[in-house]
Amino acid sequence: MTHNVAVETHPEIPLWNDPALSVTTRVSALIEAMTPEEKIAQLYGVWVGASDEGGDVAPHQHDMEEAVDLDALLPAGLGQLTRPFGTAPVDPALGAVSLLRTQARIASANRFGIPAVAHEECLAGFAAWGATAYPVPLSWGATFDPDLVHRMASAIGRDMRSVGIHQGLAPVLDVVRDARWGRVEETIGEDPYLVGTIGTAYVRGLEGAGVVATLKHFAGYSASRAGRNLAPSPMGPRERADVLLPPFEMAIREGGARSVMHAYTDTDGVPAAADEDLLTGLLRDTWGFDGTVVADYFGIAFLKTLHGIAADWAEAAGAALRAGVDVELPTVKTFGAPLVEAVAAGRVPEKVIDRALRRVLTQKALLGLLDPDWNPVPAALDGADLDDPEALRGRIDLDGPRNRELARTVAEEAVVLLSNDGTLPLVRPRRVALVGPNADEPTAVLGCYSFPQHIGVHHPATPVGIDLPTLRATLAAEFPDTEFTLAPGTGVDDGDVSGIPEAVRAAGEADVVVAVLGDRAGLFGRGTSGEGCDVESLTLPGAQQRLLDALLDTGRPVVTVLLAGRPYALGRAVTEAAAIVQSFFPGEEGTAALAGVLSGRTGPSGRLPVSVPRGAGAQPTTYLGARLAHASEVSSIDPTPAFGFGHGLTYTTFAWSDLAVDVEQAPADGEFSLALTVRNTGERHGTEVVQLYLHDPVASVVQPVQRLVGYTRVPLAPGEARRVRVVVPADLASFTGRDGHRVVEPGALELRFAASSTAPPLTATVTVTGPPRRVDHTRRLHAVFGQEPSAGG
């Protein structure tokens with residue numbers, strides 16, 4: 001076995017390489033030994049692409065960057081390698097060889113032997129060719145199952161770490177404020193508590209696998225005016241504090257996230273990349289975050305080109321560093337020669353360089369990259385002959401059976417049954433008309449950050465790398481005795497109506513119609529959902545609503561299935577469709593999950609992480625509105641959703657009863673104790689999701705009518721009942737008061753136990769007593785649920 005990746009060693013171990021010393025001592029010694037150029041080199045990345053032949057990575061060219069000369073850069077060192085696997089299709093084993101050879105080259109080229117941190121996207125799985133494509137984050141939210149999301153993130157992290165990746169650019173913790181925003185599919189939902197708990201579970205999984213989780217986009221990106229990407233966010237400080245910041249706070253405090261990515265947006269004229277109050281005052285001084293802040297791609301340059309607060313690249317670099325940004329990504333632009341020259345000229349003080357460098361080197365030390373026995377060979381290639389690239393091809397499987405089983409479980413739990421007149425589950429249908437643009441489209445299950453949609457579309461001659469069965473294929477396997485007639489009817493967004501008559505004919509000859517509608521994921525206008533794919537209204541793309549209405553006109557039962565990245569107004573289908581099944585880009589196992597729900601092999605248990613609007617233009621679509629945001633007699637616009645946040649049906653029925661309030665009065669630092677019984681009154685196994693909402697009738701500042709403060713999944717066999725107990729800290733009633741500080745105020749509260757935000761069957765009134773209490777980021781964040789068999793169950 002030959003590695004040929006030797007890194008130069010020294011007979012005496014320098015202080016920074018001595019693992020017997022504290023990290024602080026090692027990092028301080030290294031900073032002291034570095035020149036300004038060497039310091040700055042650790043603060044930027046280079047965008048590279050791994051070689052499919054196992055050679056060194058090659059710099060990636062992008063229309064927003066200049067050519068990079070690696071030979072000129074490497075003697076000073078290098079902070080990060082950007083997306084070695086996620087730039088072009090490459091066999092995972094050969095990509096790993098390419099990365100390890102490049103890391104050896106980087107370490108050998110600089111006088112301290114420091115390799116780079118390699119980062120990748122992992123929003124819907126490791127964004128590498130041949131890696132498992134998991135459901136998108138909006139589906140994570142639909143599961144209401146943090147434990148499952150933790151397992152998924154652990155699997156993603158293990159795959160990344162096994163091939164030499166150190167950092168993952170996920171999760172997105174932006175809270176949906178306007179569903180017209182193209183990146184809704186990348187979010188977890190419209191409620192900060194759901195986003196926070198699911199996102200924190202993902203962080204724990206990724207970090208537990210040894211991969212640095214990167215929280216994005218900090219903060220306010222999703223609150224842009226009219227849902228436009230990279231647009232100003234005109235929110236006030238209270239919306240920012242009470243809606244947009246809590247998921248980040250939770251993921252840092254409880255998840256242990258080691259990196260944060262700044263947002264592109266500006267809030268009230270201050271770009272996030274230059275917001276010292278946000279990136280240093282709040283994030284570090286208040287919350288105690290001690291990891292790295294990385295730039296969203298090209299975000300520092302945008303301070304000059306888009307925001308207009310910097311006259312040149314050096315000024316942009318200085319503004320970002322002073323605010324608290326540590327690393328420029330994806331490649332060197334402002335932190336290169338412009339910053340070196342600015343430091344030499346005294347325009348940027350070296351102390352801000354040292355501050356960022358200390359954070360970067362501390363992270364590298366904790367990753368083992370400063371240790372004397374550091375080895376660039378990743379675990380997946382341990383023991384392999386690295387001098388025979390072709391023999392390595394196919395050695396690493398990033399989409400094994402365990403991954404696919406996990407992907408299917410997430411997809412199954414994320415399917416949301418919105419409506420059902422009893423048509424579902426389908427029982428041995430004789431003839432089915434399978435209609436719609438997504439019925440026979442393999443990539444209809446993938447989000448815009450999946451490798452096939454993000455990168456693979458630029459390489460049409462390369463196989464997709466994973467198995468993507470269409471819904472047509474999985475339904476044919478699920479119902480082997482059924483005759484299926486395929487009639488697309490129209491494209492996703494081409495507006496072509498010429499195929500609608502054929503679809504109507506097929507429907508007329510069928511026992512049931514399955515209409516498979518929705519989105520095509522892409523970036524910057526190449527799709528109907530995804531980054532830069534914002535929409536003016538929430539009407540189904542193209543001519544899909546015309547197709548759906550024509551199918552409803554046939555009088556045949558129409559099961560509407562949505563493979564989409566955002567919720568859409570469905571017009572007449574809300575009341576006229578036999579059933580509506582919502583799936584948010586469920587990943588490579590998504591069609592199998594849908595087929596199982598349609599047949600009844602799997603019972604639906606997903607709940608809506610975002611409201612489904614009744615009208616295509618009614619805003620806001622989020623349930624988190626104050627009283628003035630809801631329907632009223634003084635406006636002709638009714639924003640009431642067709643299906644509210646948290647909604648989802650099952651194939652059984654549940655009865656909620658026996659609400660008991662054991663502790664109904666508590667001081668502002670106390671807690672309430674409640675219990676209820678949930679019984680499965682149907683004939684099938686099912687999972688109820690008990691959701692707890694808080695309503696504050698009177699507060700010193702305007703509050704949402706209600707907000708989610710807890711939830712738990714309750715699986716029940718037919719006839720089974722469970723007693724669900726919950727302890728609710730008064731801290732959960734806190735909000736940002738008039739003075740800008742978070743406060744728990746005395747007074748009556750309603751705790752609503754509900755199956756959705758629109759259906760609270762049981763409500764308890766509790767009272768906070770005593771004086772107001774100011775709380776901070778150390779407050780209690782969760783209600784504590786417990787379950788036990790019911791005495792009568």
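Residues numbered from 1 in each chain as written. Predicted model: local features only at pLDDT ≥ 70, side-chain atom pairs only at ≥ 80, totals over all residues. Heavy atoms only, no water.

As for the overall build of the protein chain
Then, in step 1: Across its full length, the protein chain carries 22 helices and 28 strands.
Then, in step 2: Compactness check: the protein chain gives a C-alpha radius of gyration of 27 Å against a globular reference of 28 Å for 793 residues, within 12% of the reference.
Then, in step 3: The dimensions of the protein chain, computed from C-alpha atoms along their principal axes, are 80 × 65 × 50 Å.
Then, in step 4: In the protein chain, 79% of the contacts between residues at least 6 apart in sequence involve partners at least 24 apart.
Then, in step 5: Surface accessibility of the protein chain: about 27700 Å² in total, with carbon and sulfur atoms responsible for 50%.
Then, in step 6: Side chains of the protein chain carry 64 positive and 97 negative charges; the gap between the two charge centres is 4 Å. (Helix = DSSP H or I, 4+ residues; strand = E, 2+ residues; numbered from the N terminus. Rg over C-alpha atoms; globule rule 2.2 N^0.38 Å. Contact = heavy atoms within 4.5 Å. Areas by Shrake-Rupley, 256 points an atom, 1.4 Å probe, with all protein chains shown as cover. Lys, Arg positive; Asp, Glu negative; His and termini not counted. Charge placed at Lys NZ, Arg CZ, Asp CG, Glu CD.)

Section: the sheet that holds strand S25 (residues 747-754)
Then, in step 1: Taken in spatial order, the 5 strands make up an open sheet running S18-S26-S25-S20-S21, and their pairing is mixed. Only two strands of the sheet have a single neighbouring strand rather than two, namely strand S18 (665-667) and strand S21 (707-716). Between one strand axis and the next, the sheet turns through 25° on average, direction left out of account.
Then, in step 2: Relative to S21, strand S20 (residues 686-695) runs antiparallel, the two sharing 9 bridges. Each bridged residue has a counterpart across the sheet, and for Tyr693 the counterpart in S21 is Leu708. (Pairing = 2+ DSSP bridges. Axes fitted to C-alpha atoms, helices over the stretch in contact; angles between N-to-C directions.)

Here we look at the pattern of salt bridges
Then, in step 1: Inspection of the entire model under this criterion finds 38 salt bridges.
Then, in step 2: Salt-bridge contacts for Lys39 lead to Asp354; the nearest nitrogen and oxygen are separated by 2.8 Å. Here the residue Lys39 occupies a position in helix H2 (residues 36-41), and Asp354 occupies one in helix H14 (residues 350-366), the gap between them amounting to 315 residues.
Then, in step 3: Here Asp354 falls in the partly exposed class, since its relative accessible area comes to 22%. (Salt bridge = Lys/Arg side-chain N within 4 Å of Asp/Glu carboxyl O. Buried < 20%, exposed > 50% of the residue type's maximum accessible area, 1.4 Å probe, protein only.)

Quick word on helix H19 (residues 500-508)
Then, in step 1: Ile500, Ala503, Ala506 and Ala507 are the residues of H19 that are buried. Projected down its long axis, H19 carries its buried residues within an arc of 120°, all on one side. (Arc of directions from axis to C-beta.)

Focus on the packing of aromatic side chains
Then, in step 1: The final tally for this structure, using the stated rule, is 14 aromatic pairs.
Then, in step 2: With centroids separated by 4.6 Å and ring planes inclined at 10°, the aromatic side chains of Trp140 and Tyr202 adopt a geometry described as stacked. Placement of the pair is Trp140 in helix H5 (residues 137-143) and Tyr202 in helix H7 (residues 192-208), with a sequence separation of 62 residues.
Then, in step 3: Here the aromatic rings of Phe144 and Tyr711 are separated by 5.1 Å at their centres, their planes lie at 75°, and the arrangement is edge-to-face. (Phe/Tyr/Trp six-rings, centres within 6.5 Å; stacked < 30°, edge-to-face > 60°.)

Quick look at the packing of helix H6 (residues 146-162) against H7
Then, in step 1: Put simply, H6 and H7 touch, their axes get as near as 7 Å, and they point 35° apart. Once H6 is placed against H7, the crossing between them reads as right-handed. Between H6 and H7, the contacting residues are Pro146, Val149, His150, Met152, Ala153, Ser154, Ile156, Gly157 and Met160 on the first element and Thr197, Ile198, Ala201, Tyr202, Arg204, Gly205 and Leu206 on the second. (Left-handed = near helix turned anticlockwise from the far one by under 90°.)

Quick look at the pairing of strand S26 (residues 762-769)
Note on strand geometry: in a regular strand, side chains alternate between the two faces of the sheet.
Then, in step 1: Side-chain alternation along S26 places Leu762, Ala764, Val766 and Val768 on a buried face and Thr763, Thr765, Thr767 and Thr769 on a face that remains uncovered.
Then, in step 2: Of the pairings in the sheet, the one linking S18 to S26 comprises 3 bridges and is parallel in character. Note that in S26 the partner of Pro667 across the bridge is Thr769.
Then, in step 3: In this sheet, S26 lies alongside S25 in antiparallel orientation, the contact comprising 7 bridges. Counted as the bridge partner of Leu751 is Ala764 from S26.

Describing the pairing of strand S1 (residues 45-49)
Then, in step 1: Taking burial as the measure, the 5 residues of S1 include 5 buried ones, the bulk of the element.
Then, in step 2: Burial along S1 is two-sided: the residues Gly45, Trp47 and Gly49 and Val46 and Val48 are all buried.
Then, in step 3: By the bridge criterion, 3 bridges tie S1 to strand S3 (residues 80-82) in an arrangement that is parallel. Residue pairing in the sheet places Val46 in a bridge with Leu81 of S3.

Some thoughts on the sheet that holds strand S12 (residues 431-435)
Then, in step 1: Read from one edge of the open sheet, 6 strands run S11-S16-S15-S14-S12-S13, paired in mixed fashion. This sheet does not close on itself; its edge strands, each paired only once, are strand S11 (416-420) and strand S13 (483-487). The average angle at which neighbouring strand axes cross in this sheet is 15°, direction not considered.
Then, in step 2: Inspection of the sheet shows S12 paired to strand S14 (residues 512-518) by 4 bridges, in the parallel sense. When the bridges of S14 are listed, Ala433 appears paired with Val513.
Then, in step 3: Sheet contacts for H19: S12, S13 and S14; angle to S13, the most-contacted strand, approximately 165°.

A word on the side chain of Arg284
Then, in step 1: For Arg284, the position within the fold is in helix H10 (residues 276-286).
Then, in step 2: Not counting chain neighbours up to four residues away, the residues in contact with Arg284 comprise Leu279, Phe289, Asp290, Gly291, Thr292, Val293, Gly324, Asp326 and Arg359.

Topic: unusual backbone geometry
Most peptide bonds take the trans form, and the phi angle of most residues other than glycine is negative.
Then, in step 1: Following Leu329, the chain continues to Pro330 via a peptide bond in cis, the omega torsion being 5°.
Then, in step 2: In this fold, Pro330 is placed in the loop between helix H12 (313-323) and helix H13 (337-344).
Then, in step 3: Omega for the bond connecting Leu424 with Pro425 falls within 30 degrees of zero, at -5°, which places this linkage in the cis form.
Then, in step 4: Tracing the chain through its elements places Pro425 in the loop between S11 and S12.
Then, in step 5: Unusually for a residue other than glycine, Phe298 sits at a positive phi of about 70°.
Then, in step 6: You can see Phe298 is positioned in the loop between strand S10 (292-294) and helix H11 (302-305).

Quick look at the nonpolar core
Then, in step 1: Tyr202, Phe218 and Leu381 are the most contacted members of the largest nonpolar core, which totals 187 residues.
Then, in step 2: Apart from residues lying up to four places away in sequence, Tyr202 is in contact with Cys122, Trp140, Val149, Met152, Ala153, Ile156, Ala170 and Pro171. (Core = buried A, V, L, I, M, F, W, Y, C linked by side-chain atoms within 4.5 Å.)

Description of the environment of Val410
Then, in step 1: With respect to the helices and strands, the residue Val410 is situated in helix H16 (residues 401-414).
Then, in step 2: Taking C-alpha positions, Val410 is 7.2 Å from Trp140, a pair spaced 270 residues apart along the chain.
Then, in step 3: When sequence neighbours within four positions are dropped, the list of residues in contact with Val410 reads Pro135, Thr143, Leu148 and Met152.

Some remarks on the environment of Ala384
Then, in step 1: Relative to the helices and strands, Ala384 is located in the loop between H14 and helix H15 (389-392).
Then, in step 2: Residue classification places Ala384 among the buried positions, given a relative accessible area of 2%.

Some words on helix H20 (residues 544-553)
Then, in step 1: Of all 10 residues in H20, 7 are buried; the element is thus mostly enclosed.
Then, in step 2: Among the residues of H20, Gln544, Gln545, Leu547, Leu548, Ala550, Leu551 and Leu552 are the ones counted as buried.
Then, in step 3: On its buried face, H20 sits against S12, H19, S14, strand S15 (558-564) and helix H21 (573-576).

Quick notes on the side chain of Gln703
Then, in step 1: Structurally, Gln703 is set in the loop between S20 and S21.
Then, in step 2: Residues in contact with Gln703, not counting those within four places in the same chain, are Ala626 and Phe735.

Let's talk about the packing of H6 against H16
Then, in step 1: Axis separation between H6 and H16 bottoms out at 10 Å; the angle between their running directions is 150°. Regarding the angle of H6 to H16, the classification is roughly antiparallel. At the point where H6 passes H16, the crossing takes the left-handed sense. For the pair formed by H6 and H16, the contact residues are Leu148, Arg151, Met152, Ala155, Arg158 and Asp159 on the first element and Arg402, Asn403, Leu406, Thr409, Val410 and Glu413 on the second.
Then, in step 2: Here the contact of H6 with H16 is composed, by residue class, of 5 nonpolar, 2 polar and 5 charged. (Parallel < 35°, antiparallel > 145°, perpendicular 65-115°, else oblique. Nonpolar A, V, L, I, M, F, W, Y, C, P; charged D, E, K, R; others polar.)

Re the environment of Asn110
Then, in step 1: With respect to the helices, strands and loops of the structure, Asn110 is situated in the loop between helix H4 (92-109) and strand S4 (117-120).
Then, in step 2: The exposure class of Asn110 is buried, given its relative accessible area of 5%.
Then, in step 3: Note: C-alpha distance between Asn110 and Asp354 (244 residues apart in sequence) is 18 Å.
Then, in step 4: A polar contact of 2.8 Å, which involves the side chain of Asn110, links it to the backbone oxygen of Ile106. (Polar contact = N/O pair within 3.5 Å; in protein donor to acceptor, adjacent residues only side chain to side chain.)

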